[in-house]
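Read off the chains here:
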Amino acid sequence: MANVSFTRDEAILALDTLMFSKKSNLSSNSLAVIELSQLLNELPIHPTEKRTANFRNPVGISDQLRGFGYSLRPNNRVRVGSVFLVVYEEYRNCPEQIHAIAEAIKQNREFFKTATFGSEFEGEDFPEGALLYHLHRVLEARDGRKIVPAE
């Protein structure tokens, strides 16, 4: 079974690592890639039954980041999922926003370990991804506020 496609949340975290890492070459043994692998394996984005033995391992993540870089070069075919290119286009002129979203996900990782998601499409149109959308909904429900869709 092939690994599941990267989600918007995962692309945000991966692109943040690429944009804000001090290393230009993020090999599978770089600390930034290893930490990203650990985080993606912690997060409940994909059900465990859909994960292969090598799910989001450092080698695969390094390959994704390298493939993304190749995809940006002129006349190269796309070597990553379209979600990487969509997220990159949205945030390439404001990388501090993608960094803020990634940091918010990281700061709430303990919550996400216990979170139960309603649907794989939850927060599909939420620019910050499903994880922060879910946190937003939980906090609003806890505080008794009405959930207002983002504009």
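The structure we're discussing is the one just above.
This write-up is about the structure you can find in this document.

How each quantity is defined
Residues numbered from 1 in each chain as written. Predicted model: local features only at pLDDT ≥ 70, side-chain atom pairs only at ≥ 80, totals over all residues. Heavy atoms only, no water. Helix = DSSP H or I, 4+ residues; strand = E, 2+ residues; numbered from the N terminus. Buried < 20%, exposed > 50% of the residue type's maximum accessible area, 1.4 Å probe, protein only. Contact = heavy atoms within 4.5 Å. Phe/Tyr/Trp six-rings, centres within 6.5 Å; stacked < 30°, edge-to-face > 60°. Lys NZ or Arg CZ within 6 Å of the ring centre and 35° of its normal. Salt bridge = Lys/Arg side-chain N within 4 Å of Asp/Glu carboxyl O.

**Quick word on the overall build of the chain**
When its secondary structure is counted, the chain shows 7 helices and 0 strands. When its helices and strands are written in sequence order, the chain yields α-α-α-α-α-α-α. For the chain, buried positions account for 36% of its 151 residues. When contacts within the chain are restricted to residue pairs at least 6 apart in sequence, long-range pairs at least 24 apart make up 60% of them.

**Structural notes on the packing of aromatic side chains**
Each aromatic ring pair is specified by the distance between its two centres and by the angle formed by the two planes. One pass over the full model with this rule turns up 4 aromatic pairs. Considering the side-chain rings of Phe68 and Phe84, the 6.2 Å spacing of their centres and the 40° angle between planes classify their relative orientation as tilted. Highlighted residues: Phe68 in helix 3 (residues 58–72) and Phe84 in helix 4 (residues 82–91), separated in sequence by 16 residues. Note on Phe68: relative accessible area 2%, which makes it buried. Its relative accessible area of 1% is what places Phe84 among the buried residues. These aromatic residues form a ring-pair network of at least three members: Phe6, Phe68, Phe84 and Tyr88. Against the face of Phe6 rests Arg56, its NZ or CZ located 3.9 Å from the ring centre.

**Observations regarding the pattern of salt bridges**
Counted under the stated rule, the structure contains 7 salt bridges. Put simply, Glu10 and Arg56 hold a salt bridge, and the shortest N to O gap is 2.8 Å. Separated by 46 residues along the polypeptide, Glu10 in helix 1 (residues 8–20) and Arg56 in the loop between helix 2 (31–42) and helix 3 bring together distant segments of the chain. For Glu10, a relative accessible area of 0% puts it in the buried group. Its relative accessible area of 3% is what places Arg56 among the buried residues. A salt bridge links Glu42 to Arg109; its shortest N-O distance comes to 2.9 Å. With a gap of 67 residues between them, Glu42 in helix 2 and Arg109 in helix 6 (residues 109–114) connect regions that are remote in the sequence. Judged by its relative accessible area of 25%, Arg109 is partly exposed.

Worth remembering: the numbers are spatial, not functional.
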